[in-house]
Amino acid sequence: MEEESAGGGGGEGCIVVVGDRSSFVIGLIENRAKEVGVAAFDLRSASLHLSQYIETSCSYQNTKTLLHFYDPMVVIVPPYKTAADGMVGVSELVDKNYPSNKKVTMARGCFDDTKGAVMVKNLSARDPSALGLDTYCKQYYLCLAAASATIKWIESEKGVIITNHSLSVTFNGSFDHMNIDSTSVQTLEIIDPLHTELWGTSNKKKSLFQMLKTTKTTGGSRLLRANLLQPLKDIQTINTRLDCLDELVSNEELFFGLTQGLRKFPKESDKVLCHFCFKPKKVTDEVLKPANGRKSQLLISDIIVLKTALDAIPFLSKVLKGAKSFLLQNIYQTVCENPKYASMKKRIGDVIDEDVVHSRAPFVACTQQCFAIKAGIDGLLDVARRSFCDTSEAIHNLATKYREEFNMPNLKIPYNNRLGFYFIIPQRDITEKLPNKFIQVVRHGKNVHCSSFELASVSLFFQNLTFLGFVGNWALISTLQNVTMPFIFLRFKFPVEYMLAANQVYTLSSLFYVIFVFISKKVRDVVYCNWECSSLKDQLPEREKLNVRNKSAAAECFLRTELCLEGLINEIREDIGILTMLAEVLCLLDMIVNSFAYTISTKPVDRYTRPEFTDDGPMAINAGRHPILESLHTDFVPNNLFLSEASNMVLVMGPNMSGKSTYLQQICLIVILAQIGCYVPAQFASLRVVDRVFTRIGTGDNVENNSSTFMTEMKETAFIMQNVSSKSLVVVDELGRATSSSDGLAIAWSCCEHLLSLKAYTVFATHMEGLSELATMYPNVKILHFEVALRNDRLDFKFQLKDGVRRVPHYGLLLARVAGLPASVIDTATSITSRITEQEMVRMDANCEQYRSLKMAYNAAQRLICLKYSNQDDDYIHEALQDLKENYAAGKMT
Ligand SMILES: Nc1ncnc2c1ncn2[C@@H]1O[C@H](COP(=O)(O)OP(=O)(O)OP(=O)(O)O)[C@@H](O)[C@H]1O
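Position numbers for residues count from 1 along each chain, tracking the sequence in the order it is written. Whole-chain, interface and lining totals are the exception, using all residues; otherwise, since this is a predicted model, local features are given only for residues with pLDDT of at least 70 and side-chain atom pairs are given and counted only at 80 or more. With hydrogens and water set aside, each side-chain value is computed from the structure's full complement of heavy atoms.

**Details of helix H1 (residues 61–70)**
So, step 1. Relative accessibility under 20% of the residue-type maximum defines a buried residue, over 50% an exposed one, and the middle range a partly exposed one, all with a 1.4 Å probe and only protein chains included. Only runs of H or I of at least four residues qualify as helices and only runs of E of at least two qualify as strands under DSSP, and these elements are numbered from the N terminus. Within H1, eight of the ten residues are buried, leaving the element largely enclosed by the surrounding structure.
So, step 2. All of the buried residues in H1 are Gln61, Asn62, Thr63, Thr65, Leu66, Leu67, Phe69 and Tyr70.
So, step 3. Positive backbone phi, at 45°, marks aspartate 71, one or two positions downstream of H1.

**Description of the sheet that holds strand E24 (residues 794–803)**
So, step 1. Sheet architecture is open: seven strands sit in the order E8-E20-E21-E22-E18-E23-E24, paired in mixed fashion. In the strand order of this sheet, the two ends are held by strand E8 (179–180) and E24, each with one partner.
So, step 2. Two strands pair when backbone bridges link them, and E8 and strand E20 (residues 692–696) are joined in this way by two bridges, in the parallel orientation. From the neighbouring strand, isoleucine 180 faces E20, where its bridge partner is valine 693. For two strands to be treated as a pair, DSSP must find no fewer than two bridges joining them.

**Details of a negative patch on the surface**
So, step 1. Together, Asp873, Asp874, Asp875, Glu879, Asp883 and Glu886 make up a region of like negative charge exposed at the surface.
So, step 2. With respect to the element layout, aspartate 874 can be found in helix H30 (residues 874–890). Each patch is assembled from residues with relative accessible area greater than 30% and no salt bridge, linking like charges that lie within 9 Å and nonpolar side chains (Val, Leu, Ile, Met, Phe, Trp, Tyr) that lie within 5 Å. Using a 1.4 Å probe, the Shrake-Rupley method yields the accessible areas, and only the shown protein chains count as cover for residues. Each reported salt bridge corresponds to a side-chain nitrogen of Lys or Arg within 4 Å of a carboxyl oxygen of Asp or Glu. A residue counts as positive if it is Lys or Arg and as negative if it is Asp or Glu; His and the chain ends are not included. Charge positions come from single atoms, namely NZ of Lys, CZ of Arg, CG of Asp or CD of Glu.

**Examining helix H21 (residues 546–574)**
So, step 1. A helix's residues, less one, multiplied by 1.5 Å, set its expected span. Relative to the 42 Å expected for 29 residues at 1.5 Å per residue, H21 spans 42 Å between its end C-alpha atoms, a close match to the ideal helical length.
So, step 2. One fitted axis covers the seven residues ending at a residue, a second covers the seven starting there, and the bend at that residue is the angle between these axes. Roughly 45° is the biggest bend found in H21, and it falls at leucine 565.

**Let's talk about the pairing of strand E12 (residues 423–426)**
So, step 1. Of the two faces of E12, the one carrying Phe423 and Ile425 and the one carrying Ile424 and Pro426 are both buried.
So, step 2. The pairing of E12 with strand E14 (residues 447–452) spans four bridges and is classified as antiparallel. Following the sheet pairing, phenylalanine 423 is matched in E14 by cysteine 450.

**So, the environment of lysine 324**
So, step 1. Structurally, lysine 324 can be placed in the loop between helix H14 (293–320) and helix H15 (326–336).
So, step 2. For lysine 324, a relative accessible area of 66% puts it in the exposed group.
So, step 3. Sequence separation of lysine 324 and aspartate 243 is 81 residues, and the distance between their C-alpha atoms is 9.1 Å.
So, step 4. Those residues in contact with lysine 324 that sit more than four places away from it in its chain are Glu247 and Gln329. Throughout, a contact is declared for two residues whenever any of their heavy atoms are within 4.5 Å.

**Let's talk about the state of the cysteines**
So, step 1. Put simply, a disulfide is two cysteine sulfurs that come within 2.5 Å. Inspection of the entire model under this criterion finds zero disulfides.
So, step 2. With no disulfide of its own, cysteine 557 lies 4.0 Å from the sulfur of cysteine 370, the closest cysteine sulfur.

**Some thoughts on the site of the ligand**
So, step 1. With respect to spatial proximity, 14 residues lie near the ligand, and among them His633, Val637, Met657, Ser661 and Thr662 are the closest.
So, step 2. Counting of polar contacts relies on pairs of N or O atoms within 3.5 Å, with two restrictions inside protein: one atom must be capable of donating a hydrogen and the other of accepting it, and residues adjacent in sequence are counted only when both atoms are side-chain atoms. Between the ligand and asparagine 656, the relevant distance is 3.3 Å, taken from an oxygen atom to a side-chain nitrogen or oxygen of the residue.
So, step 3. In this structure, glycine 659 approaches the ligand through a main-chain N or O atom, which is 3.1 Å from an oxygen atom.
So, step 4. Summarising the interface, the protein chains cover 80% of the accessible area of the ligand, which totals 630 Å² for the free molecule. Throughout, near means a residue has at least one heavy atom within 4 Å of the molecule or strand.

**What to know about the packing of aromatic side chains**
The way to describe two aromatic rings as a pair is by their centre distance and the angle between their planes.
So, step 1. Here is the rule: rings of Phe, Tyr and Trp (six-membered ring for Trp) pair when centre to centre is within 6.5 Å. Planes less than 30 degrees apart are stacked, more than 60 are edge-to-face, and the remainder are tilted. Throughout the structure, instances matching the rule amount to eleven aromatic pairs.
So, step 2. With a centroid separation of 4.8 Å and 50° between ring planes, the pair formed by phenylalanine 24 and tyrosine 70 is classed as tilted. Of the two residues, phenylalanine 24 is situated in strand E1 (residues 24–30) and tyrosine 70 in helix H1; the sequence distance between them amounts to 46 residues.
So, step 3. Relative to phenylalanine 406, the ring of tyrosine 402 has its centre 5.7 Å away and its plane inclined at 45°; by these criteria the two rings are tilted.
So, step 4. By relative accessible area, which is 0% here, tyrosine 402 ends up buried.
So, step 5. One aromatic cluster is present, built from ring pairs that chain together Tyr402, Phe406, Phe423 and Phe438.
So, step 6. Positioned above the aromatic ring of tyrosine 598, the side-chain terminus of lysine 216 is 6.0 Å from the ring centre.
So, step 7. Working rule: Lys NZ or Arg CZ, within 6 Å of ring centre, within 35 degrees of ring normal, means a charge sits over the ring. One Lys or Arg, lysine 264, reaches over the ring of phenylalanine 315 and ends 4.8 Å from the middle of that ring.

**Some details on the packing of helix H10 (residues 235–250) against helix H22 (residues 576–601)**
So, step 1. Here an axis means a line fitted to C-alpha atoms, over the contact stretch when the element is a helix, while the angle between two N-to-C directions is reported on a 0 to 180 degree scale. The N-to-C vectors of H10 and H22 enclose an angle of 55°; their axes lie 10 Å apart at closest approach. By the angle between their directions, the pair H10 and H22 is classed as oblique. Here H10 and H22 pass one another in a crossing that is right-handed. Residues Arg241, Cys244, Leu245, Leu248 and Val249 of H10 touch H22, and the partners they reach there are Leu588, Met591, Ile592, Val593, Phe596, Ala597 and Ile600. For this classification, under 35 degrees means roughly parallel, over 145 means roughly antiparallel, 65 to 115 means roughly perpendicular, and everything else is oblique. With the far helix as reference, a near helix turned anticlockwise by less than a right angle produces a left-handed crossing, and one turned clockwise produces a right-handed crossing.

**Topic: the environment of leucine 273**
So, step 1. Structurally, leucine 273 can be placed in helix H12 (residues 269–275).
So, step 2. Sequence separation between leucine 273 and glutamate 584 is 311 residues, and the spatial gap between their C-alpha atoms is 9.8 Å.
So, step 3. Once residues within four sequence positions are removed from consideration, leucine 273 is found in contact with Leu306, Leu579, Leu582, Ala583 and Leu586.

In structure tokens form, the structure reads like this:
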């Protein structure tokens, strides 16, 4: 008998989303040109996200990324499996990636773009013209078709009608946010950490999401997850968040005030506020059926949550009054100063009792729901309440009676939504045997949970067994009853370690004790019953059981309450837009205050800094750190990064374990943090907005796709090459190491050349020394290496990035020795490798010299161009030219 929290359940006529579970229903459709339309409906936040894009790869990477992002509970697709060109279609893609229970196939006719456009226009909370739908209706017909099927499915499956002007609709023609493909999400450990098994039991390694997940509401953490998977691209919005963060970091009073203010809103506010968007079908018929008591209970609890949220606005208003940043000011004006909230609160106050508050404790919640409506509004409701109070009082009196009668001073009487009231008796209070009055006995650690004849009913007892999963096999049960029960009773008088199941015990005519032993997955709770069949006669009639009477009185209260609330709910629906807006604001504040500002405030001062953004400028990070690893390594070494149009590729070299992968991951995580509007772990960061992050890190086989290490590597690289743009950030770790060294070098070289031609910012980590020659041909390639010292034939990693190429001879052999390869094997390998590399060394030295002189010439040219466009006077330019000449002659231009 576990304590249940209020909420949960669901079914027709009410949209219930429990906990962190996905709440997205997605409609997917494509055309012959491999264009895909997506309509993603979030049942939790009552929002609809439309997007349409061209799929550039046969493997549907973009669609996979979106599916990964939304993690839908249902995917709706048209019937055909393969695409027009005979390739895998979206339907088959869903088959491959999702279990069948998530896929719903709807007739092609349900994907109707004209109906979709009308639906979206009617349901959108914002002015339809603001969506640009009129302009783009024809162009984006696929996502509108998907929207039509999705809305139709939700309305018929969930038994609801979506209220007009209630949905928050976003219309992303294509990708309006930074796009991170699903492989990169994994390799960058954005949502889940990788290889946690390698970190042993004391696993402290976290993902970026886990690190930032100090949000207090599910809505806030879902918004955070969504932001991390699709960071912003709009500099203005990013800066608005950063300004807000500046203010929170510098104004402690505001920060603590907001944390306190947010705590006053019920945790599930965002979800509940959006419930009002869904109107149950056939309300009046269904409401009168007692079976729908659960539904009315949910509605009442929704109203109480809404009332509590509206009551919390004045406090928020007080805190935000003096706020200076645009975001907080805007929230103050649109929410705190919006008279509609006050008038909604007043309307609710006319019907709902002032003292009613939201509670998560089941009995308090039940009582609050029964007493939600003011007295005197409905006579029958007042009568039902009287009965509810009487039975509740009688139950508590019964508990007092048992305490005295059986000398059990610590007997408690908690409440559970499923079973009603029950007793908890500490084992130490039971001196001998539990009196026969008590039934449904279940042992929970040091306590016994039970009921009594006066309190509960036999049917509840069997319901309980059914819940525990012991309903079943008649043959087994009769065998148990007739053959084994006497034996079991004699042998195992007290709790034992084996599980027995029994049902239909009432068929026995003689007196038996039945022992149930239940070993649960986690705790070995023992279930046993000391119920005597002959006592059945002594029981009270079903309707006289206190729990039954109490529950039916409560059910009557709920139904009458819902009838009273009908008019109020319709009035609330007229202003539904303000509720969805409040839900959005609460999630955003939760993310910025409880996650971003909190994370920064828990770090030492100046560890995190505000990033700056330029449209097309360089990407400069000074003393950047890995946001997750820095908390695991007390001596984490910070490193810099500089990428610009004139130097858009950095080749990072260094032996194994020198810190290359960490550096690559660190750069991407800093960019992502910056683009969600958070401070970054660096001394200084000036960034340009990135449209996509591509990574090729790690070389594992992909067993699912039947690909070898090399094949996986090539597929991922092909995806990068096909989708990269001049605004992308590409991070590649050791490309080509999974094939022969000459082919590997050739592939890595040509990929670098391709990326250089695209002007994308690229960071390329490699072991291949031959690749450093790229810098001799392309002045926009910069070479860096991780410093490693050799001490007593051991590598001493400094994790410090330095300019240029630096060879660490035979570092592979050194590491192999540390790993325990036999000495004879290492000696042979040493002699082979020294012969091979002798010639290469000579060539490398020559190349390095050539690289140095070319780089000097390139830098001199860059400075001359800068001087040409500078507005300096002649004297200054003369002096600068003189300096340049001297530095060049002295070889100081690197
Ligand atoms: N800047 C740093 N400061 C402190 N420790 C670091 C730093 N960078 C990396 N490390 C530590 O070094 C370990 C190895 O780093 P990493 O995996 O990045 O090396 P690598 O050069 O990519 O190795 P390989 O080439 O074998 O993949 C990391 O697990 C981390 O613990």
